[in-house]
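# Working through the structure, step by step
As a plain string of letters, each chain reads:
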Protein chains: 2
Amino acid sequence: MATNPRRPERRQEPLSRERIISAAVELLDTVGEGGLTFRALAKHLATGPGAIYWHVTGRTELLGAAIDSVVATTIAAVDDADATPQEAIRALALGVFDAMDAHPWVGTQLTHAPSHSPMLRVFERIGRQIQALRVPEAAQFTAASALMSYILGVAGQNAANTRTLRPDTDRTEFLDSVATAWKELDPDEYAFTRNVAGQLREHDDREEFLAGIDLILTGIIALQRPTG
Amino acid sequence: MATNPRRPERRQEPLSRERIISAAVELLDTVGEGGLTFRALAKHLATGPGAIYWHVTGRTELLGAAIDSVVATTIAAVDDADATPQEAIRALALGVFDAMDAHPWVGTQLTHAPSHSPMLRVFERIGRQIQALRVPEAAQFTAASALMSYILGVAGQNAANTRTLRPDTDRTEFLDSVATAWKELDPDEYAFTRNVAGQLREHDDREEFLAGIDLILTGIIALQRPTG
DNA sequence: ACCTGAACACCGTTCAAGT
DNA sequence: ACCTGAACACCGTTCAAGT
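Keep in mind it's a predicted model, so treat the numbers as computed, not measured. Residue positions are counted from 1 within each chain, in the order its sequence is given. The naming scheme follows written order: chains are lettered A onward, ligands numbered 1 onward. The model is predicted, so local features are restricted to residues of pLDDT at least 70 and side-chain atom pairs to those at 80 or more, both for listing and for counting; the totals for chains, interfaces and linings are taken over all residues. To obtain the side-chain values, all non-hydrogen atoms of the structure were used and water was disregarded.

## Side note on the overall build of chain A
Where we set the bar: Starting at the N terminus, helices and strands are each numbered in turn, a helix being any DSSP run of H or I of at least four residues and a strand any DSSP run of E of at least two. All radius of gyration figures rest on C-alpha atoms, and the globule criterion is 2.2 Å times the number of residues raised to 0.38. Residue burial is assigned from relative accessible area. The probe radius is 1.4 Å, only protein chains are included, and a residue is buried under 20% of its type maximum, exposed over 50%, and partly exposed in between. A contact between two residues is defined here by any heavy atoms of the two lying within 4.5 Å. Values of accessible area rely on a 1.4 Å probe in the Shrake-Rupley scheme; residue burial ignores everything except the protein chains shown. Charge counting follows a simple rule: Lys and Arg are positive, Asp and Glu are negative, and His as well as the terminal groups are ignored. Charge positions come from single atoms, namely NZ of Lys, CZ of Arg, CG of Asp or CD of Glu.
For chain A, the count of helices and strands is 11 helices and zero strands. Listing every helix and strand of chain A by position from the N terminus yields α-α-α-α-α-α-α-α-α-α-α. For chain A, the C-alpha radius of gyration of 22 Å lies well beyond 17 Å, the compact-globule estimate for 228 residues. Each of the 228 residues in chain A was classed as buried or not, and the buried ones make up 49%. Expressed as a percentage of contacts within chain A between residues at least 6 apart in sequence, the contacts between residues at least 24 apart total 68%. Just so you have it, chain A exposes about 11400 Å², and 52% of that area is on carbon and sulfur atoms. Looking at chain A, you have 22 positive and 30 negative side-chain charges, and the mean spots of the two groups are 9 Å apart.

## A look at the packing of aromatic side chains
Where we set the bar: Paired rings are identified among Phe, Tyr and Trp, the last through its six-membered ring, by centres lying within 6.5 Å, and are further divided according to the angle between planes into stacked (under 30 degrees), edge-to-face (over 60) and tilted (the rest).
With the rule as written, the count across this model stands at 14 aromatic pairs over all chains. On the numbers, 5.5 Å between centres and 40 degrees between planes, the contact of W182 of chain A with F123 of chain B is tilted. One end of the pair, W182 of chain A, is in helix 9 (residues 171–183); the other, F123 of chain B, is in helix 7 (residues 117–132), on a second chain. A residue is classified by how much of its surface remains accessible, and F123 of chain B, at 5% relative accessible area, is buried. Taken together, a centroid distance of 4.7 Å and an interplanar angle of 20 degrees make the contact between F38 of chain B and Y53 of chain B stacked. Here the residue F38 of chain B occupies a position in helix 2 (residues 38–44), and Y53 of chain B occupies one in the loop between helix 3 (49–52) and helix 4 (59–77), the gap between them amounting to 15 residues.

## Notes on the protein's contact with DNA strand D
Filter applied, for reference: We call a residue near a molecule or strand whenever a single non-hydrogen atom of that residue lies within 4 Å of it. Under this definition, polar contacts are N or O atom pairs within 3.5 Å; protein pairs additionally need one hydrogen-donor-capable and one acceptor-capable atom, and for neighbouring residues in sequence, both atoms have to be side-chain atoms.
The environment of DNA strand D is formed by 18 residues, the closest being T47, G50 and H55 of chain A together with R39 and R59 of chain B. Across the atoms of DNA strand D situated within 4 Å of the protein, the share located in sugar and phosphate is 52%. Within the backbone of G50 of chain A, a nitrogen or oxygen atom sits 3.4 Å from a base oxygen of DNA strand D. Contacts to DNA strand D include Y53 of chain B, whose side-chain N or O atom sits 2.9 Å from a phosphate oxygen. Among the secondary structure elements, those contributing two or more residues to the surface near DNA strand D are helix 3 (49–52) of chain A together with helix 2 of chain B. Considering every element that reaches the surface near DNA strand D, the biggest residue donor is helix 3 of chain A, with three residues.

## What to know about the side chain of S145 of chain A
You can see S145 of chain A is positioned in helix 8 (residues 137–164). Of the polar contacts made by the side chain of S145 of chain A, one reaches the backbone oxygen of F141 of chain A; its length is 2.8 Å.

## Things to note about the packing of helix 6 (residues 105–112) of chain A against helix 8 of chain A
All names here are of chain A. Selection criterion: Axes here refer to lines fitted to C-alpha atoms; in helices the fit is confined to the stretch in contact. Angles between the N-to-C directions go from 0 to 180 degrees. By the definition adopted for this analysis, an angle is roughly parallel if under 35 degrees, roughly antiparallel if over 145, roughly perpendicular if from 65 to 115, and oblique otherwise. We call a crossing left-handed when the near helix sits turned anticlockwise from the far one by less than a right angle, and right-handed when that turn is clockwise. Classification convention: Asp, Glu, Lys, Arg as charged; Ala, Val, Leu, Ile, Met, Phe, Trp, Tyr, Cys, Pro as nonpolar; all other residues, Gly among them, as polar.
The interhelical angle for the contact between helix 6 and helix 8, taken along N-to-C directions, is 135 degrees, at an axis separation of 7 Å. Relative to helix 8, the element helix 6 lies oblique. Crossing handedness for the pair helix 6 and helix 8: left-handed. On the side of helix 6, the interface is formed by G107, T108, L110 and T111, while helix 8 contributes L152, A155, G156, A159 and R163. The residue inventory of the contact of helix 6 with helix 8, partitioned by class, reads four nonpolar, four polar and one charged.

## A look at the protein's contact with DNA strand C
Around DNA strand C, the surrounding shell holds 18 residues, and the nearest of these are R39 and R59 of chain A together with T47, G50 and H55 of chain B. Looking at DNA strand C alone, sugar and phosphate atoms form 53% of those within 4 Å of the protein. A distance of 3.4 Å separates a phosphate oxygen of DNA strand C from a polar atom in the backbone of L36 of chain A. Taking R59 of chain A, its main chain carries an N or O atom lying 2.8 Å from a phosphate oxygen of DNA strand C. Every element with two or more residues in the surface near DNA strand C is listed here: helix 2 (38–44) of chain A together with helix 3 of chain B. Looking at which element gives the most residues to the surface near DNA strand C, the answer is helix 3 of chain B, with three residues.

## Digging into unusual backbone geometry
The phi dihedral of R134 of chain A is positive, around 60 degrees, even though this residue is not glycine. Tracing the backbone shows R134 of chain A in the loop between helix 7 (117–132) and helix 8. With phi around 55 degrees, A46 of chain B is a residue other than glycine that occupies positive phi space. By the element assignment, A46 of chain B lies in the loop between helix 2 and helix 3.

## Quick notes on the environment of Y53 of chain A
Residues and elements named next belong to chain A. The class of Y53 is partly exposed, set by a relative accessible area of 45%. Sequence separation of Y53 and M100 is 47 residues, and the distance between their C-alpha atoms is 27 Å. Excluding its chain neighbours within four sequence positions, the residues that come into contact with Y53 are F38 and G58.

## Digging into the UniProt feature "domain: HTH tetR-type" (unreviewed entry) in chain A
Applicable threshold: UniProt positions are given in the numbering used here, feature names are shortened, and annotations may be inferred rather than shown by experiment.
The feature "domain: HTH tetR-type" (unreviewed entry), as annotated in UniProt, sits at residues 14–74 of chain A in this numbering. Helix makes up 69% of residues 14–74 of chain A and strand 0%, with an end-to-end C-alpha separation of 27 Å.

## Remarks on the relation of the copies chain A and chain B
What counts, and what does not: Only residues with pLDDT of at least 70 in both copies count here: their C-alpha atoms drive the least-squares fit that superposes the copies.
Rotating chain A by 180 degrees and moving it 0.0 Å along the rotation axis overlays it on chain B with an RMSD of 0.0 Å. Both chain copies can therefore be described as sitting about a two-fold axis. Comparing interface residues between copies, 100% of those in chain A also sit at the interface in chain B, which points to an isologous, same-surface contact.

As C-alpha cells, this is what we get:
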C-alpha cells in the first residue's frame with residue numbers, strides 16, 4: 001500500500017508566511033481576536049508554536065499582516081474607473097465597511113497596525129479623488145485625513161459592537177436592545193439620546209455610514225477652488 | 001514610640017473601588033495599557049491581586065471604569081453655556097482630544113468600553129447642539145453619529161501613534177520621520193501621499209482635528225431647516 | 001465583610017535539539 | 001534551512017483560608 005487513503009494529519013504544503021497568515025485570518029474570523037493563539041494556530045497548521053516564529057516575528061506582525069491582506073484584497077476589488085470623485089470615495093469607503101462587516105476584527109486592528117500600510121492604501125486612493133475634486137493643495141491633507149478618521153471611527157465602533165454581541169444575536173435584535181436601553185436613560189441627563197432612540201431602531205448601518213461620508217463630502221466640496 | 005516616622009508600606013485608607021480605579025488610571029498613564037496588571041496594581045495598592053476582585057469584576061470592567069472616570073471629568077469641565085452650537089461642539093471635541101492627549105490609552109479604550117457610557121455622554125452633549133443647529137429631526141442621529149465617529153477615529157489613530165512612539169521622541173520628530181517615510185514611497189502607487197507629506201510635517205494635530213470637525217459641521221449646516 | 005496569596009489554566013516567546 | 005516542543009516568564013482569575 002503506497003498511499004494511505006486517509007492520513008489523519010495532512011501537511012500538504014510546507015509552512016510559509018502566506019499559509020500562516022491565511023490560517024490566522026481564518027482563525028480571527030471564526031474564533032475572534034482572543035482566539036488567535038500561537039498554540040491554536042500551530043495546531044491548525046499541524047505544527048508546534050515555535051515553527052511560526054521562523055516566518056513571522058511575533059503576534060503583532062502577524063495581526064498586522066492579517067489585516068493588511070484583507071484590506072489589500074478589498075481595496076483592490078473596488079473599481080472606480082468610470083466614477084465621479086464622490087462616487088469613487090463612497091465606493092471605497094463602502095469597500096472598507098464591507099470588509100469590516102465580513103471580518104469584524106479588522107475594525108480594531110486597522111488602527112493598531114504598526115505598519116499603517118493598509119490605512120495608507122485607503123488614504124492614497126481617497127486622496128486622489130480629493131485632488132480630482134479640485135480641493136486647494138493646502139487643504140488636501142485635511143480633507144483626506146477627515147474621511148480616513150471617520151472611516152476608522154465607524155470601523156472601531158462596529159468592531160466594538162460585534163465584540164459585545166452574543167454571536168447568535170442578529171442586527172435588528174441588537175439595535176432594538178440598544179434603543180430600549182436608551183429609552184430608559186435619565187430624561188434630564190439624556191434628553192437627546194432618548195429622543196433619537198427611535199431613529200436608531202430603524203437605521204441601516206451602511207446607509208448611516210454613507211450619510212456620514214456625504215456630510216464630510218459636502219464640507220470638502222465647499223472648499224473647492226474654481227474650475228479653469 | 002507611638003508612631004513610626006517612616007512606615008515602609010502605608011495602607012492609608014481601606015481598599016475601595018474609587019482608589020482602585022484611580023490607581024489604575026495612574027498606572028495606565030505611566031506604564032501604558034500593557035503595564036496595567038493585576039499584580040502591578042495590587043503592589044501599587046499594597047495588597048494581593050485577589051483583593052481587587054472584591055471591588056471590581058475583572059480587567060474589562062476596570063478598564064471601562066478608568067476611561068469612564070477620565071472622560072466624565074473632562075466632559076464635565078467643558079463649559080458651553082454662552083457658546084454658539086458650533087463653538088460648543090468644537091469645545092467638546094477639543095475636550096475629548098485633550099483628554100486623549102493626556103491619557104493616550106483613552107483613545108483605544110473609548111471604543112472598547114463595553115458600557116459605552118463615556119461615549120454616550122459625549123454623544124448626548126453633541127446631540128443637544130445639533131438640535132440647537134435646527135437640523136431636521138430625521139437627520140439628527142446621523143449628524144451626531146458622524147461627529148462621534150470622527151472623534152473616535154482620531155482618538156484611535158492618536159493612540160496608535162503614541163503607542164508606536166518611543167516614549168522619548170517628541171511630536172515634530174515623529175512627524176518628520178513619517179513625512180520622510182512617505183517621501184520614500186513608490187511614486188506611482190503613492191503619488192498623493194508623497195505629495196501631501198510636506199503638509200504633514202508642518203501640521204498641528206489640534207488644528208487638523210478641528211478642521212475635520214469644521215468640515216462635518218459645514219455638511220451638517222447644509223441640512224439646516226429654515227428658522228421660524 | 002473584606003483581604004490574602006498560593007494555585008490554576010492559560011498566554012507569547014525562546015531555544016536547544018533535531019531533520 | 002526549517003521544524004519541534006519543552007521550558008520560561010509572564011498573564012487574569014479563583015478560592016480556601018484567614019481577620
